[in-house]
Amino acid sequence: MTHKRRVAVFDFDGTLTRKDTFLEFIRFTQGRFRFWTGFIIHAPVLILMKLHIYANWKAKQQVFTFFFKGWDYTRFEKAGKAFSLVIDNMRKLQGMELLQQELKESNDVYVVSASIEEWLSPWCLSHGIKQVVSTQVEVKNGKLTGKFLTKNCYGKEKVARLIEVEPCRDDYVLYAYGDSQGDAEMLQFADFGIMVK
């Protein structure tokens, strides 16, 4: 009898961290005054998103456009790498312990997250995670357009993106770790779905 591979998938924000890194990255790069100004301007959209009247990805992209449209990509990439070093101050103990366990026990470990690749990938590499599925930004002529190149990696999109890289579902046992409604579909899709409180 052939043993199936063990694959583990982790959400990032709220599962491996105590804070939302998208918000913290904005604060890190923009400063407090512009951070709060931007969110006051976008308050109506964010309220509609919380009420499930306005799509999560649309609200996130509007906020991202406000803060980062027109940035040189090299500047954004450097900011992402610098911010990745700050993320360790936001680590969630339980999630990190589960991650260390899966890095020992699983054949493959993924972080599948709505976070942006430019800070998520450097952080993951520094913690021994080579496989990252994330939201990617659109760049034209070396500058950020303010749009996402991929769909926001949230909800059912997490499952779709995992299937792209691990299409043979019958060949592996899937352990998934998450903390919120945005992880519900992945936790249901897994053989073992674990909520990290």
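How each quantity is defined
Residues numbered from 1 in each chain as written. Predicted model: local features only at pLDDT ≥ 70, side-chain atom pairs only at ≥ 80, totals over all residues. Heavy atoms only, no water. Helix = DSSP H or I, 4+ residues; strand = E, 2+ residues; numbered from the N terminus. Rg over C-alpha atoms; globule rule 2.2 N^0.38 Å. Buried < 20%, exposed > 50% of the residue type's maximum accessible area, 1.4 Å probe, protein only. Contact = heavy atoms within 4.5 Å. Areas by Shrake-Rupley, 256 points an atom, 1.4 Å probe, with all protein chains shown as cover. 1 Å grid on protein atoms, 1.4 Å probe; cavity = no way out; pocket = protein on both sides within 12 Å on 5 of 7 lines; lining within 4 Å. Points joined across faces, edges and corners; volume = space filled by probe spheres on them. Salt bridge = Lys/Arg side-chain N within 4 Å of Asp/Glu carboxyl O.

Trainee: Explain the overall build of the chain to me, please; I cannot follow it from the model alone.
Mentor: On a plain count of helices and strands, the chain comes out with nine helices and seven strands. A compact globule built from 197 residues should have a C-alpha radius of gyration of about 16 Å, and the chain, at 17 Å, falls within 12% of that. If you line up the chain on its principal axes, its C-alpha atoms span 60 × 35 × 35 Å. Looking at the chain as a whole, 49% of its 197 residues qualify as buried. Considering only intrachain contacts with a sequence separation of at least 6, the fraction spanning at least 24 residues in the chain is 66%. Counting only carbon and sulfur atoms, one obtains 55% of the accessible surface of the chain, whose full area is about 10600 Å².

Trainee: I would appreciate a short explanation of empty space enclosed by the protein in the present structure.
Mentor: To find the voids left in a structure, one rolls a probe of water-molecule size over its atoms. For the coordinates displayed, the defined rule picks out one cavity of 30 Å³ or more. Considered as a void within the structure, the largest cavity measures approximately 50 Å³ in volume. In this structure, the largest cavity is lined by V9, F10, D11, V112, K158, A176, Y177, G178, D183, M186 and L187. Taken together, the elements giving at least two residues each to the lining of the largest cavity come down to strand 1 (5-10), strand 6 (172-178) and helix 9 (184-189).

Trainee: Looking at this structure, I do not really get unusual backbone geometry. What am I missing?
Mentor: In this structure, N141 is a non-glycine residue whose phi angle is positive, near 55°. Along the chain, N141 turns up in the loop between strand 4 (137-140) and strand 5 (143-148). On the basis of relative accessible area, N141 is assigned to the exposed category, the value being 83%.

Trainee: Mind showing me how you'd approach the pattern of salt bridges here?
Mentor: Between side chains of opposite charge, a pair can form as their charged atoms come close. Evaluated as defined, the whole model comprises ten salt bridges. In this structure, R5 and D108 form a salt bridge, with 2.6 Å as the shortest nitrogen-oxygen distance. Placement of the pair is R5 in strand 1 and D108 in strand 2 (residues 108-116), with a sequence separation of 103 residues. As a salt-bridge pair, D183 and K158 come within 2.6 Å of each other at their nearest N and O atoms. Taken as a pair, D183 in the loop between strand 6 and helix 9 and K158 in helix 8 (residues 156-165) lie far apart in primary sequence, 25 residues in all. When salt bridges with common partners are traced through the structure, they connect R5, D108 and E166 into a single cluster.

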